Amino acid sequence: MGAISPQREAASRARGALAHQGPGRRAVARATLPGGPLAPGAARRFVRATLAEWTDNALPGTELLTDRLADDATVVVSELVTNAVVHAGTDVDLQCRLDRADTGPAGPAEEPQAGDAADLVLEVSDHHPRRVIRDDGSERPYGTPEYGRGLRLVAALSAEWGISYRTGAKTVWSRLRAGGPAAVEEQIEAYGGEQAPEHGVRVADLLAPEPGRGARPQDHDWVSRGALTFLAEASDLLAGQLDEDLVAALAGQLLVPRIADWCAVWLEDEVTAWRGSDRPPGAPGPRLARVWHVSENRIEELRRALEKDPPRLSDTVRSRAVPVPWPGGGTPDGTAAGGVPGGTAAGVVPSGTAAGGMPGGTAAGAIPGGTGAAPGVGGGADAGGVPGGADAGGAALAYRLLAGGRPMGTIVIGRAGSAGFPDEVTGLVEDLSRRVALAIGAARQYARQATISRVLQRGLLPGAVAEIPGVRSALVYEPCDKGGPSGDFYDLFPAGDGRWCFAVGDVQGKGPEAAVVIGLARPWLRLLAREGYQVAEVLDRLNQLLLDDATEAADAAARALVATGGPGLLEPEGPQTRFLSMLYGELVPVEGGVRCTLVSAGHPLPLVLEPDGSVREVAAPQTLLGVIEDARYTAETFELHAGDTLLCVTDGVTERRNGSRQFDDDDGLATALSGCTGLNAQLVAERIRRLVHEFGPNAPEDDLALLVLQAE
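Throughout what follows, the structure given in this document is the object of discussion. (Residues numbered from 1 in each chain as written. Predicted model: local features only at pLDDT ≥ 70, side-chain atom pairs only at ≥ 80, totals over all residues. Heavy atoms only, no water.)

**What about the environment of Ala248?**
Test applied: In DSSP terms, a helix is any run of H or I states spanning at least four residues, a strand is any run of E spanning at least two, and both are numbered starting from the N terminus. Using a 1.4 Å probe on the protein chains alone, a residue whose accessible area is under 20% of its type maximum counts as buried, one over 50% counts as exposed, and one in between counts as partly exposed.
With respect to the secondary-structure elements, Ala248 resides in helix H6 (residues 244-255). Overall, the relative accessible area of 0% leaves Ala248 in the buried class.

Dropping the structure here:
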């Protein structure tokens, strides 16, 4: 762990000085920590040293700092940094500052003056790297995102805490009340965030960049620029997201707190969603995928309230805004908040127009002609979540998520203490909802294709590798494209009569075309071997089979061309020749070792490592399979004695590139294998795999397969 390097706030400040030093005497300090296991300890020391120095310098607000607050801050920063290191692994930016107690999480930091209540704010930012898309087929039931026990502890100690996402950075922040314990909020009716942006402001005030000199915030161009900036940021974040739950999470983080106090996203079931209201009894309904609130402490309460009464929008509603009841705002007689009868609260407003400044609509949660308070909810900041004792309640709007005419789900947003959303907000969220729907549709399409590819890949490879008496085996198999079938394949199976057969192959191309060839070759290998054919005879017949199959495919394409008078099934480049390289062999345990018979058909030649470290090739190169009619293959036989190791690889190993060099240049593979002297089969396979990965600065660009067989 290197030294912590606090960042400077002003150019005139001395290098390495804390931000609170100098003329401004501002109580704020920053540090950047390497993303390693020592980061939490360094963060704890930094916070304690910072608080002590603030107190010694008598900065504004430090009279409220106590030993208890310092202890809480140490625990919180330790958990926040640990969370960032575990889940992101990048460098961590830490900021510690004193703010006025009434400064919201989304508002600008304000230095406390004498006599002001103060909050100690801790912010931990990481640069959340691109994560691997889940490739397991398991269901992910909805639940609280598991951040670990640490953030549960943060929630218990903080007056408020939350997460903010920006392009390339994620910040988890916590506000600790100086001079008093964190207030516990228990009223489920009040879902508006106390620290949300002021209600009633224009969308440009929330989203647009600061206007230039001479520009007025009311200028139309400046307002439009704010909306476009927001939509551009949203499009950038949603583009390429291949997990529908992640899309739902991003939607909530985009809307809260800049536009709404809270947001909920329901996702429709893919199978039954198209039926709409006619779905059969017992069919799965919408799934509450994500709930987001300006105050993290209220998310679970809000989720429970929303699960009791999910939105049920009419099938005639497209993507426009529809008012829905405020959560927990229903009255005993079944009338929803805002005077909307319970039977139509979640449907289209009878007048046919939406709330939020749209003509004819009444916002759910707002009493017509009145105060904007929902029934049964008292006033005051604690109830309504609006500072200053404004009326409680709020407005909630629902938007259907439609992509290609198919329902993807529903977004519901809410703002406390407001009789409705401005027109520009409803229109902006409608535009955002279309982008979210398209992103969900793309994620589902990717998930379907990934599932098909996983099932197909599973069927193209053996379910288990056979164990051979007197031989230890090890296998490495790494497809380059995790989302599609690989062009490499392997097999190791018993052939009967004391024989075991193995194969390592590489098909021309990748994807479905490669899968067709593998699906043809591997079953025929097993069948011919178990029928008693010798090694060379198996490849003779497999070669003819591939040629016959290619001829049949060409004939079918030609017939389609004649029948339709057009291209029909003919591919743009014409019928593709299907060929592959393969190393195929047979093992027979004998006294003192194993007899091996093999053929290399256009494949990288196998190598044998002897106990003294010498390496030799044990086959001659022969023609690819599926290229030459009536090709005849010749097998070679040798013995593996105790301690001998046979290495079989695909060209993903030998042709691994680093600039203009390849891994097997100057007998690089033989040299690497010679360095494995004395290792068992598993360690040999792992060492070769590691050397291949380390050969170039980037990840391998081809499929990689290698099989190690070692005589005991």
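**A look at the pairing of strand E2 (residues 92-100)**
Rule in force here: Strands qualify as paired when DSSP identifies two bridges or more between them.
Among the nine residues of E2, seven are classified as buried, and the element is accordingly described as predominantly covered. Relative to E2, strand E1 (residues 28-33) is paired through six bridges, and the arrangement is antiparallel. By the bridge assignment for E2, Ala31 is matched with Leu94. Relative to strand E3 (residues 118-126), E2 runs antiparallel, the two sharing eight bridges. In the sheet register, Asp99 faces E3, and the bridge partner there is Asp119.

**Quick notes on the sheet that holds strand E5 (residues 169-178)**
Strands pair in a sheet through their backbones, by hydrogen bonds, and they do so in one of two ways: parallel or antiparallel. Heads up, the rule is: All axes here are fitted lines through C-alpha atoms, helices being fitted over the stretch that makes contact, and every angle between N-to-C directions spans 0 to 180 degrees. Every residue pair with non-hydrogen atoms within 4.5 Å of one another is taken to be in contact.
A sheet is described by the order of its strands in space; here five strands give the open sequence E1-E2-E3-E5-E4, paired in antiparallel fashion. Strands with a single pairing partner mark the edges of an open sheet, and in this sheet they are E1 and strand E4 (160-166). Mean inter-strand twist for the sheet, computed between neighbouring axes without regard to direction, equals 15 degrees. The strands that helix H1 (residues 39-56) touches are E1, E2 and E3; relative to E1, the one it contacts most, it runs at about 160 degrees.

**Examining H1**
Note the following rule: One less than the residue count of a helix, multiplied by 1.5 Å, gives the span that helix is expected to have.
An ideal rise of 1.5 Å per residue puts 26 Å on 18 residues; H1 measures up with 26 Å between its terminal C-alpha atoms. Of the positions making up H1, those classed as buried are Ala39, Pro40, Gly41, Ala42, Ala43, Phe46, Val47, Thr50, Leu51 and Trp54. As for H1, its buried residues are in contact with E1, helix H2 (67-87), E2 and E3. Just downstream of H1, Ala58 is the residue with a positive phi angle, here 55 degrees.

**A closer look at empty space enclosed by the protein**
What counts here: Each cavity reported here is a set of points on a 1 Å grid over the protein atoms alone in which a 1.4 Å probe fits but cannot get out, each pocket an open set with protein on both sides within 12 Å along at least five of seven lines, and each lining residue one with an atom within 4 Å of a point. Grid points are joined across faces, edges and corners, and a volume is the space filled by probe spheres set on the points. Gly is placed with the polar residues, together with every amino acid not listed as nonpolar (Ala, Val, Leu, Ile, Met, Phe, Trp, Tyr, Cys and Pro) or charged (Asp, Glu, Lys and Arg).
The full count for this structure, using the stated rule, is two cavities of 30 Å³ or more. Computed from the structure, the second largest cavity encloses a volume of approximately 30 Å³. Taken together, Tyr165, Glu233, Leu237, Leu250, Gln253, Leu254 and Arg258 form the lining of the second largest cavity. Looking at the lining of the second largest cavity, the elements that each hand over two or more residues are helix H5 (220-238) and H6. Partitioned by chemical class, the residues of the lining of the second largest cavity number four nonpolar, one polar and two charged.

**Let's talk about the pattern of salt bridges**
Keep this limit in mind: A pairing counts as a salt bridge when a side-chain nitrogen of Lys or Arg comes within 4 Å of a carboxyl oxygen of Asp or Glu.
Considering all chains together, one arrives at 23 salt bridges under this definition. Between Asp99 and Arg97 there is a salt bridge whose closest N-O contact spans 2.8 Å. Each of the two residues, Asp99 as well as Arg97, counts as buried. As a salt-bridge pair, Arg444 and Glu244 come within 2.7 Å of each other at their nearest N and O atoms. On the criterion of sequence distance, the pair formed by Arg444 in helix H9 (residues 423-460) and Glu244 in helix H6 is long-range, its members being 200 residues apart. Each of Arg97, Asp99, Asp119, Glu123, Arg175 and Arg177 takes part in a single network of salt bridges with overlapping partners.

**Describing H6**
Selection criterion: In protein, a polar contact requires one atom able to donate a hydrogen and another able to accept it; more generally it is a pair of N or O atoms within 3.5 Å, and residues adjacent in sequence count only if both atoms are side-chain atoms.
Taking 1.5 Å per residue, twelve residues should reach 16 Å; H6 reaches 17 Å between its end C-alpha atoms and fits that length. Counting buried positions along H6 gives eleven out of twelve residues, so the element sits mostly inside the fold. What H6 keeps buried is the set Glu244, Asp245, Val247, Ala248, Ala249, Leu250, Ala251, Gly252, Gln253, Leu254 and Leu255. With a side-chain oxygen lying 2.8 Å from the backbone nitrogen of Asp245, the N-terminal cap of H6 falls on Asp243.

**A closer look at the sheet that holds strand E10 (residues 406-416)**
The antiparallel open sheet is built from five strands, whose spatial order is E7-E6-E10-E9-E8. The sheet is open, and its two borders are formed by strand E7 (287-293) and strand E8 (322-323), each paired with just one other strand. Bridge count for strand E9 (residues 394-403) against E10 is ten bridges, and the pairing is antiparallel. Paired with Ala396 across the strands is Gly414, a residue of E10. Relative to E7, helix H7 (residues 299-308) is tilted by about 140 degrees, and along the sheet it contacts strand E6 (262-267) and E7. Each of E6, E9 and E10 touches H9; the most contacted strand, E9, lies at about 40 degrees to it.

**Looking at the packing of aromatic side chains**
For any pair of aromatic rings, the description rests on two quantities: the centre-to-centre distance and the angle between the ring planes. Here is the rule we go by: Pairing of aromatic rings covers Phe, Tyr and the six-membered ring of Trp, with a centre-to-centre limit of 6.5 Å; geometry is then stacked below 30 degrees between planes, edge-to-face above 60, and tilted otherwise.
For the structure on display, the rule yields three aromatic pairs. With a centroid separation of 5.8 Å and 65 degrees between ring planes, the pair formed by Trp262 and Trp326 is classed as edge-to-face. Of the two residues, Trp262 is situated in strand E6 and Trp326 in the loop between E8 and helix H8 (381-384); the sequence distance between them amounts to 64 residues. A relative accessible area of 1% places Trp262 in the buried class.

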